[in-house]
Amino acid sequence: QVQLVESGGGLVQAGGSLRLACAAPGFTFRTFHTGWFRQAPGKDRELITSMSWDGGHVYYVNSVKGRFTIVRDNANNTLYLEMNSLKPEDTAVYSCAADLVGPGRFKYWGLGTQVTVSS
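Let me sum up the structure you'll find in this document.

1. Let's talk about unusual backbone geometry
At step 1: Unusually for a residue other than glycine, Asn77 sits at a positive phi of about 50°.
At step 2: Considering the arrangement of structural elements, one finds Asn77 in the loop between strand 7 (68-73) and strand 8 (78-83).
At step 3: Positive phi, normally seen in glycine, also occurs at Ser85, with a value near 50°.
At step 4: Relative to the helices and strands, Ser85 is located in the loop between strand 8 and strand 9 (92-102).

2. With respect to the nonpolar core
At step 1: Residues Leu4, Phe27, Trp36, Phe68, Leu81, Met83 and Tyr94 are the most contacted members of the largest nonpolar core, which totals 29 residues.
At step 2: Counting residues per element, the ones that place at least two in this core are strand 3 (18-23), strand 5 (46-51), strand 7, strand 8, strand 9 and strand 11 (113-118).
At step 3: When residues of this core are assigned to their parent elements, the largest contribution, four residues, is made by strand 9.
At step 4: Those residues in contact with Leu4 that sit more than four places away from it in its chain are Cys22, Ala23, Ala24, Phe27, Phe29, Cys96, Ala97, Ala98, Tyr108, Trp109, Gly110 and Leu111.

3. Describing the environment of Gly55
At step 1: Position of Gly55 among the secondary structure elements: in the loop between strand 5 and strand 6 (58-60).
At step 2: Residue Gly55 is classed as partly exposed on the basis of its relative accessible area, which comes to 32%.
At step 3: Residues Gly55 and His33, 22 residues apart in the sequence, show an inter-C-alpha distance of 8.5 Å.

4. Points about the sheet that holds strand 7
At step 1: If you walk across this open sheet you meet the four strands as 1-3-8-7, and the pairing is antiparallel. Here the strands that pair on one side only, and so sit at the sheet edges, are strand 1 (5-7) and strand 7. Geometrically, the sheet is characterised by an average inter-axis angle of 20° between neighbouring strands, direction not taken into account.
At step 2: As judged from the six bridges shared by strand 7 and strand 8, these two strands associate in the antiparallel manner. Bridge assignment links Val71 to a residue of strand 8, and that residue is Tyr80.

Scoring rules and cut-offs
Residues numbered from 1 in each chain as written. Predicted model: local features only at pLDDT ≥ 70, side-chain atom pairs only at ≥ 80, totals over all residues. Heavy atoms only, no water. Helix = DSSP H or I, 4+ residues; strand = E, 2+ residues; numbered from the N terminus. Core = buried A, V, L, I, M, F, W, Y, C linked by side-chain atoms within 4.5 Å. Buried < 20%, exposed > 50% of the residue type's maximum accessible area, 1.4 Å probe, protein only. Contact = heavy atoms within 4.5 Å. Pairing = 2+ DSSP bridges. Axes fitted to C-alpha atoms, helices over the stretch in contact; angles between N-to-C directions.

Below, the structure written as structure tokens:
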């Protein structure tokens, strides 16, 4: 069973930047549809960005468009989420996922990393 592992979360001031990473030993992302989700306290988990296996289709939820970028590094088998101009409302647990098996459903998941944005 593949367990993806996120890293890079932490506390940052509003307007700052963070880069999250997602990887797993022996797992390659380049053949899978991938995505990043987040779940804020008291809210449902939401898909904030995804990328098709060939990189040809990239989706961003409106609230992060122009601020967040999904990056897949095939050479290092790592998926990144670059987050800029962070806002307090971006505070959430962020999780990566891979291998789309249905609408919004992925086979492989990470446990998540906390991102806290202070005002």
